[in-house]
Each structure stands twice: as C-alpha cells, then as structure tokens.
Amino acid sequence: MPVPLFAVLGNICGYPVNIIRKRNVYFKVSSSTEDHNQSRVKYDSLRVLEWDKLCDSVACFARTSLGRQATKTQLWSLNQTFQESLRLLQETNAAILMHNHGSFNMDLTSVDLAFVESAIKHARRGLPVEANEAMAVLSLLLFVEALQLNLKAAIKEDSDWYKQFMPLSEMITELVVNRPIIKLILQVIDEDGSVKDSASSALKKARDRVRTLERKLHQLMDNLIRNETKEASLLEANNINGRWCIRSGTDELTSFKGLLLSSGSGLGNIIEPLAAVPLNDELQQARALAAKAEADVLLMVTEKIQMDHHEIEKILRSVIQLDMIYARATYSLSFGGTYPNIFLPEDIDGPLAESCRSKDKALQASNPKKEWIFYLPKAYHPLLLQQHRQKLRMAQKDIRTAAAEIRRRKLQGENMAVKGKAEIELSSLEKQVRALEEAPPVPIDFFIAKKTRVLIITGPNTGGKTICLKTVGLAAMMAKSGLHVLSSESAKIPWFDCVFADIGDEQSLSQSLSTFSGHLKQISEIQSQSTSRSLVLLDEVGAGTNPLEGAALGMSLLESFAESGALLTVATTHHGELKTLKYSNDAFENACMEFDEENLKPTYKILWGVPGRSNAINIAERLGVPSIVVDNARELYGAANAEIDEVIIDMETFKQNFQELINESQHYLMRKC
C-alpha cells in the first residue's frame, strides 16, 4: 500500500520532521523523561552555538518553501551516521560540480511544489485537481526532463561526468517522467492556468454559448440605459450573483419594467429588467454546462495523474532533496567553503586518513595534516562572516543612494550649502565602507594533535576565546551535516556523534539555579551523555565561584574528561592553575589568544603550545596608572609569577619566530615544485 505524501514529507529523505519551531529555535519532540533530558542538553548546546541561525542561513538558499523547511529539518536533526555524513558531503560536492559545469539549471522558483503536493493528495482521493495544480505538476515534470537531458548531454561530452556527479547523477537518471501527462496538460491547460477552450468540444460549445448570451445582455442593458428618460449617468449595468442587472443611483423607479432586487436608504435600486430574465436564466445554465465540461477535463487530467502518482510522488521527494542539496552547495559557494575530510577517530591512521594527505611527494614532508586529529586552517565563524558581508552590502548601498541624491541635487541646481553637506555625508559613508573592508572577521587556525584529549585556551576578556569555541563547534556540525567548512583549505575533522557546549552566563531560572549551579548541572549532564566520539566545548570552566575552589573543580573536571570522557574537550579559562595540567599529563595542550600590548587590543589569533599570561599590570602601566600603584601591584603579584610571565613572553616570541620559519620553508618548497 502506497505511503501517503504527507507521511512521506514527514520523513523527507530519511530525516524525521518532528521539529517544532518556537522563537526561532527548534526543539525535538520527546516522549520519555530520559529522552527529554538528553534532548535538552543536546539542543541547549546547539542553541548556545547558534546552530539554529546557521540552519536558517543555509535554508534561505533553497528555492522552494518545502525545500527550505526540509533543509532546516535535515540540518537541525544532526542524527546522521558516519556513512550518511559522507553521502551528504558527496551530494554537496556533486551539486557544486554541476553548478560549475554551467549546463544545469537548478532554479526551482517557477515550480510550486506545494501545489504538486496538493495535486497528488487530490488525485489519490479521486478529487479533481485544480488547473493551477496541474500546471505545477507540468512544471515539475518539465524541470526534471530538462535536468535529465542536460545530464545526458554532459555525459555524452565526457562519460567521466557521470561518476563525478555521483550520487546526483544516479538520483536524476532513476526518475521516470511520464511524457503522456506532459502532453495532455499542455493540450488542455493554458499558460495562465486556465482550461483551454479546445480541451473538449463540450467545453468549447458551452463557452461559446456563454459569450453569445453575455454579448446579447450587454446590448440589452445599453439599449435600456440609453432609452431611459432620466440622466443615463445615474444608471449602470452590473453583474449581481451571475445575473446582469441595472443599478440606479437614486431611489426613483425607472421607466422599464423589472424585478426590484434591493432598494432604500438613498443607496439606489438594483433592478433586473424583465427582458433580461430569460437571457440571465439561459446564461446561468450555459455557465453550469461550461463548469461541468471544465470539471470533466480536469477529471481526465486527474485520472492520468492518479495512474502515475507513485512516480510523481517519487519525483517530488527527489526534487525536494535536490533543493536541499543545492541549498547546501550554493551556501558553500557563496561563503567560500571547502570540502572537509571527515573520519572516524578509530580510523585516523587507516586508508581514509591516508586519502586526506597530499599526493605530492615533494610536499609530503611539509604536509601538516598527518600530525593532527583536528586540522582547521584559517576558519571563519560563519555567522560573523555573514554579518560582516551584510554590513558591507548595506554600507555600499547607502553610498549608492547618497551618490544618486547628489546627482539629483546637481540636476535641480540646489544651493551649494546643501550640496556640500551631502558630499560630506558621502565621504563619511565611504570611510565606513573602507573601515569595514579593512577589518574583516579574523580567521582562526585550529590544530589538535592526535594525542591531545583536552585543549585549554586562555586569554583576555573579549579576546576571542568564545568565538573560537563556537567556530570549532559549528565547523564540526557543518561537516557532519554535509556542508563545506569555511576554511582556507580542506579541513580534517573527526566525525563527532554529538557536540556538547556550555557557553554563556544564562541562569536556569525555572530550576532556581544560580549561574554557577546552572553551569555545573549542564556540565554534569554533558559528562554523563558524552561518548568517546563526542566533542565538548566548555567556556570559562570553574568560573562563577571562589577562584581557588573554581580552579580545583575545573582541574578535576578536565582531568575526568581526559581520562574517560569525550574524544576532544576544548575549554577556556582564566584560572592560571589549569595551565599546569599540560606539564603533568600528555593528554592536555595549552593555547592562548594573542594580545597586542603596543595597541592594547586583542588580535583574535591563537598561539599554540603557549599558556596565556596576565596583562593587567602592564596594561595599567601603559594606560597611565601612577607608577607607585603599578610597582606595588607587581610586588604583591610576586616575583615568581613575574618570572613565569617572562618565560611565557620568551615562549611566545620563540613560537612566532618558529612559525615564520615554517611559512618561509613551505613557500620555498612550493616554488621549487
């Protein structure tokens, strides 16, 4: 027994549509308390990472309403297996190749999939489809037919395209387009969605009769109005409920005989002339015959669709899937994404990992990917990049508007003072655009060695630690969901079964929990639900309580994650004690956010293998705090801590010099090749 379409769309391409949208956040429906707790932690994590906003951003690239909803559902589910994630990435890559080929038109804006869905429902129930629904089915079938012809032409040109476009080439060629349905709809339905007169002899005869009767009635009404003794301008012919009548602008009776349909209150009278009654009766009958003949034509179309509704349903599902795939592809193209290499952690040294490595022997020694379990070079936070582009577009639009206004004022010869003010405004807008162009979002380099289980990132407030966490989490989820990652080159990312995050200062008011207690409860649930394939992101671990207790608790939590917790835990902190974990446990690694002491501002770049150091006293000195206060602070801070900071400074300098030498070596090798 065929599955109803609404049930099919409830499970589009294997993705369950059990998502409720509420306040721009999607929550999965859950039945048991345990499932609810698991879902809450997982989806709270996605919410603080702003995954819902990224889902909306990608869905905007879908061309149909059903495609947009299906895209959001597929992205939000994040329940893919590793093999499903691989297939999603293959689909996205194939769609990009088809787009770049230039022969494939994937613009579905002219196809109303909601009308196709409605047509299938009507056909299944034996109800006549509407003409606009039939035209939607026609548009769908013609779209798929054109897609198949373009694919055949590309394969004929080069047979290797079939393999390169997989799995989309297989999906497209498997669809069966019923030519007789296309031919029938073209014969009986006009481009404007109306049934053609030529669709049947009965329909043509009935419509001809309707037109003849309406012509006679118009002539009759004109004659009656012209022959009326009072002002003809006060009379007009009107169609009232399908019957032609004369409306009088006053309550006075007319000279011709007729049926008074309404009158009174100075609104005038509506009269059906007696001479028009038999013609109106005949017109009603002719219209009824035309409606029946039109319904018979649509019923004929319905029967054709009904006979083939399984294939049309399959085509509809496939086209919705294609719309989703092309949404992912066009998003990746628009923001400059790269194909990520995902792998199961246990396969890191297997064939899949080897396939990620460079084939160029000359560069094999300098290829950094083989050293890392997580390789994310120059990666952008997708929402920050999107916001920057939107601001830049708006500023450029303001410049065009201001320039057009100056040209208008010149043409109208307005005074110089007004003109000068407009030019000043234009100059200010141009400075804003230059400022935006010169200050794009800063990408991060994120490299995690194979042996590392916990990364601790330190740095100043507003230094970019939280953005770094979110960028890593979003990149992992993008790769799992079949999206290209916004990095400078192909990223190497483990396939994570789940991404957990505890970020922000939100309190759990419903449970009367403080900020500290709320974080502890969230981290506790993350620890109980994370697996050896999970990614855990913890922002300011151990914060919100006594610093000594917070540091001790933070150290204990991170050691627990390192021993038996997630595959990878990334934590940010201000607690200096957590930096020491690296020197007693190889599973830990340090990194810090770079700070420009000359300009007293963060650079948003990560320094690897270097613990962060305190900048507060140095900043205070540069900002002009009295020397006696600064000297006293340094004395209270202690000589030992000051020496540690000096060591860290030396390490930072060494790290920067070493990185410069690596970059020079890589450029030299590339020139040699």
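Residues numbered from 1 in each chain as written. Predicted model: local features only at pLDDT ≥ 70, side-chain atom pairs only at ≥ 80, totals over all residues. Heavy atoms only, no water.

### A closer look at the overall build of the protein
Note the following rule: Helix and strand assignments come from DSSP, with helices taken as H or I runs of at least 4 residues and strands as E runs of at least 2, each series counted from the N terminus. Burial classification: accessible surface area is computed with a 1.4 Å probe over protein chains only, and a residue below 20% of its type maximum counts as buried, one above 50% as exposed, and the rest as partly exposed. Residue contacts follow a heavy-atom distance rule, with two residues in contact if any of their heavy atoms lie within 4.5 Å. Computed with a 1.4 Å probe, the accessible areas rest on the Shrake-Rupley method; for each residue, only the protein chains presented here act as cover.
Tallying secondary structure elements over the protein gives 23 helices and 18 strands in all. Going through the 673 residues of the protein one by one, you find that 45% of them count as buried. Excluding contacts between residues fewer than 6 apart, the proportion of contacts in the protein whose partners are at least 24 apart in sequence is 74%. Only carbon and sulfur atoms are counted for the fraction: they give 53% of the accessible area of the protein, which is about 34,000 Å².

### A few points about helix α5 (residues 82–101)
Cut-off, in case you're wondering: Helices are assigned an expected span. That span is 1.5 Å times one less than the residue count.
Relative to the 28 Å expected for 20 residues at 1.5 Å per residue, α5 spans 29 Å between its end C-alpha atoms, a close match to the ideal helical length. Buried within α5 are the following residues: Phe82, Ser85, Leu86, Leu88, Leu89, Glu91, Thr92, Ala94, Ala95, Ile96, Met98 and His101. Looking one or two residues beyond α5, the residue adopting positive phi is Gly102, at roughly 90 degrees.

### Describing the pattern of salt bridges
What counts here: For this document, the term salt bridge refers to a Lys or Arg side-chain nitrogen within 4 Å of an Asp or Glu carboxyl oxygen.
In this structure the tally under the stated criterion is 25 salt bridges. Salt-bridge contacts for Arg47 lead to Asp44; the nearest nitrogen and oxygen are separated by 3.5 Å. Taken together, the residues span about one helical turn, with Arg47 and Asp44 both in helix α2 (residues 33–48) at a distance of three residues. When its relative accessible area of 25% is taken as the criterion, Arg47 is described as partly exposed. For Asp44, a relative accessible area of 16% corresponds to the buried category. For the salt bridge of Arg328 with Glu91, the shortest nitrogen-to-oxygen distance reads 3.0 Å. Within this pair, whereas Arg328 is found in helix α13 (residues 309–335), its partner Glu91 is found in helix α5, the two being separated by 237 residues in sequence. Note on accessibility: Arg328 and Glu91 belong to one class, buried. In the salt-bridge network here, residues are joined through shared partners; they are Asp197, Lys204, Arg207, Asp208, Arg211 and Glu294.

### Some words on helix α11 (residues 201–227)
Taking 1.5 Å of rise per residue, 27 residues should cover 39 Å, and α11 covers 39 Å from first to last C-alpha, within 8% of that figure. Those residues of α11 that fall on the buried side of the exposure criterion are Leu203, Ala206, Arg207, Val210, Leu213, Leu217, Leu220, Met221, Leu224 and Ile225. Lining the buried residues of α11 we find β5 (235–240), β6 (243–248), β8 (269–273) and α12 (277–307).

### Focus on the nonpolar core
How we decide: Residues belong to a common nonpolar core when they are buried Ala, Val, Leu, Ile, Met, Phe, Trp, Tyr or Cys residues joined through side-chain atoms within 4.5 Å.
Judged by nonpolar contacts, the single largest core of 60 residues is most densely connected at Leu168, Ile185 and Ile189. At the level of secondary structure, the elements contributing two or more residues to this core comprise α4 (65–77), α5, α6 (113–125), α7 (131–157), α9 (168–173), α10 (179–188), α12 and α13. Considering every element that reaches this core, the biggest residue donor is α7, with 13 residues. Excluding residues that lie within four positions of it along the chain, Leu168 makes contacts with Glu91, Ala94, Ala95, Met98, Leu322, Ile325 and Tyr326.

### Notes on the side chain of Asp323
Quick note on the threshold: Only four residue types enter the charge count: Lys and Arg as positive, Asp and Glu as negative, with His and the chain ends excluded. Any pair of N or O atoms that falls within 3.5 Å is considered a polar contact. Within protein, one atom must be able to donate a hydrogen and the other to accept it, and sequence-neighbouring residues count only if both atoms are side-chain atoms.
If you trace the backbone, Asp323 turns up in helix α13. Here Asp323 sits buried without a salt bridge, and the closest side chain of opposite charge, Arg63, lies 6.2 Å off (N-O distance). Only 2.6 Å separates the side chain of Asp323 from the side chain of Thr64, close enough to count as a polar contact. Contact partners of Asp323, with chain neighbours within four places excluded, come to Ala62, Arg63, Thr64, Gly67 and Leu108.

### Re the packing of helix α3 (residues 51–59) against α13
For clarity, the threshold we go by: Angles here are taken between N-to-C directions and fall from 0 to 180 degrees, while the axes themselves are lines fitted to C-alpha atoms, restricted in helices to the stretch in contact. In what follows, roughly perpendicular refers to angles from 65 to 115 degrees, roughly parallel to angles under 35, roughly antiparallel to angles over 145, and oblique to any angle outside these ranges. Gly counts as polar in this scheme, as do all residues outside two lists: the nonpolar Ala, Val, Leu, Ile, Met, Phe, Trp, Tyr, Cys and Pro, and the charged Asp, Glu, Lys and Arg.
Two elements in contact, α3 and α13, have axes separated by 8 Å at closest approach and are oriented at 100 degrees. Between α3 and α13, the crossing angle belongs to the class labelled roughly perpendicular. Listed contacts from α13 to Leu54, Ser57 and Val58 of α3 are Ala327, Arg328 and Tyr331. Split by residue class, the contact of α3 with α13 holds four nonpolar, one polar and one charged.

### Quick word on the packing of α4 against α13
How we decide: Note on convention: the crossing is left-handed when the near helix lies turned anticlockwise from the far helix by less than a right angle, right-handed when the turn is clockwise.
α13 packs onto α4 with a crossing angle of 65 degrees between their chain directions and a minimal axis gap of 8 Å. Here α4 is positioned roughly perpendicular relative to α13, judged by the angle of their axes. Taken as a pair, α4 and α13 cross one another with a handedness that is right-handed. Contacts between α4 and α13 involve Leu66, Gly67, Ala70, Thr71 and Gln74 from the first element and Ile320, Asp323, Met324, Ala327 and Arg328 from the second. In terms of residue class, the contact of α4 with α13 is built from five nonpolar, three polar and two charged.

### Concerning the pairing of strand β11 (residues 444–449)
Put simply, the rule is: Note on pairing: DSSP must find at least two bridges between two strands before they are called paired.
Of the two faces of β11, the one holding Ile444, Phe446 and Ile448 is buried and the one holding Asp445, Phe447 and Ala449 is not buried anywhere. Two strands pair when backbone bridges link them, and strand β10 (residues 372–379) and β11 are joined in this way by five bridges, in the antiparallel orientation. Residue pairing in the sheet places Phe374 in a bridge with Ile448 of β11.

### Quick word on the pairing of β6
Residues in a regular strand point their side chains to alternate faces of the sheet. Of all six residues making up β6, five are buried, and the element is well covered by its neighbours. Inspection of the sheet shows β5 paired to β6 by six bridges, in the antiparallel sense. When the bridges of β6 are listed, Ala237 appears paired with Ile246. Between β5 and β6, which pair antiparallel one after the other, the connecting turn spans two residues, and Asn241 there sits at a positive phi close to 55 degrees.

### So, the sheet that holds strand β17 (residues 588–596)
One open sheet accounts for six strands, arranged β14-β15-β16-β12-β17-β18; its pairing is mixed. A single partner strand is all that each edge strand has here, and the edge strands are β14 (499–502) and β18 (601–608). This sheet shows a mean twist of 15 degrees between the axes of neighbouring strands, independent of strand direction. Direction of pairing for β17 relative to β18: antiparallel, over a ladder of five bridges. From the neighbouring strand, Phe595 faces β18, where its bridge partner is Pro602. Across the sheet, helix α18 (residues 465–480) lies against β12 (454–458), β14, β15 (535–538), β16 (568–573), β17 and β18, angled at about 160 degrees from β15, the strand it touches most.

### Quick notes on the packing of aromatic side chains
The geometry of an aromatic ring pair is captured by the separation of the ring centres together with the interplanar angle, meaning the angle of the planes. Here is the rule: For Phe, Tyr and Trp, where Trp contributes only its six-membered ring, two rings pair if their centres lie within 6.5 Å, and the inter-plane angle classes them as stacked under 30 degrees, edge-to-face over 60, or tilted in between. A ring is scored as having a charge over it whenever the NZ atom of a lysine or the CZ atom of an arginine sits within 6 Å of its centre and within 35 degrees of its normal.
Tallied over the entire structure, the rule returns ten aromatic pairs. A centroid spacing of 5.4 Å and a plane angle of 85 degrees characterise the contact between Phe104 and Phe165, whose relative ring orientation is edge-to-face. You can see Phe104 sitting in the loop between α5 and α6 and its partner Phe165 sitting in the loop between α8 (160–164) and α9, a full 61 residues away along the chain. Of the two residues, Phe104 and Phe165, both sit in the buried class. Taken together through their ring pairs, the aromatic side chains of Phe374, Phe446, Phe496 and Trp608 make up a single cluster. Directly above the aromatic system of Phe343 lies the positively charged group of Lys492, at a separation of 5.5 Å from the ring centroid.

### Focus: a nonpolar patch on the surface
For the record, the criterion: Exposure above 30% relative accessible area and the absence of a salt bridge qualify a residue for a patch, where like charges join within 9 Å and nonpolar side chains (Val, Leu, Ile, Met, Phe, Trp, Tyr) within 5 Å.
Together, Val625, Ile628 and Val629 line one region of the surface with nonpolar side chains, adding up to about 260 Å² of accessible area. Secondary-structure assignment places Ile628 in helix α22 (residues 627–637).

### A look at the confidence of the model for the protein
Caution applies to low-pLDDT parts of the model: their predicted coordinates are not meant to be read in detail. As a reminder of what qualifies: Each residue carries a pLDDT value, the predictor's own confidence for that position, ranging from 0 to 100.
Per-chain confidence: the protein averages 79 in pLDDT, with 79% of residues scoring 70 or above. Ignoring residues within four places in sequence, the model shows residues 1–31, a span with pLDDT below 50, making 70 contacts including any to other chains. Ignoring residues within four places in sequence, the model shows residues 350–368, a span with pLDDT below 50, making 25 contacts including any to other chains.

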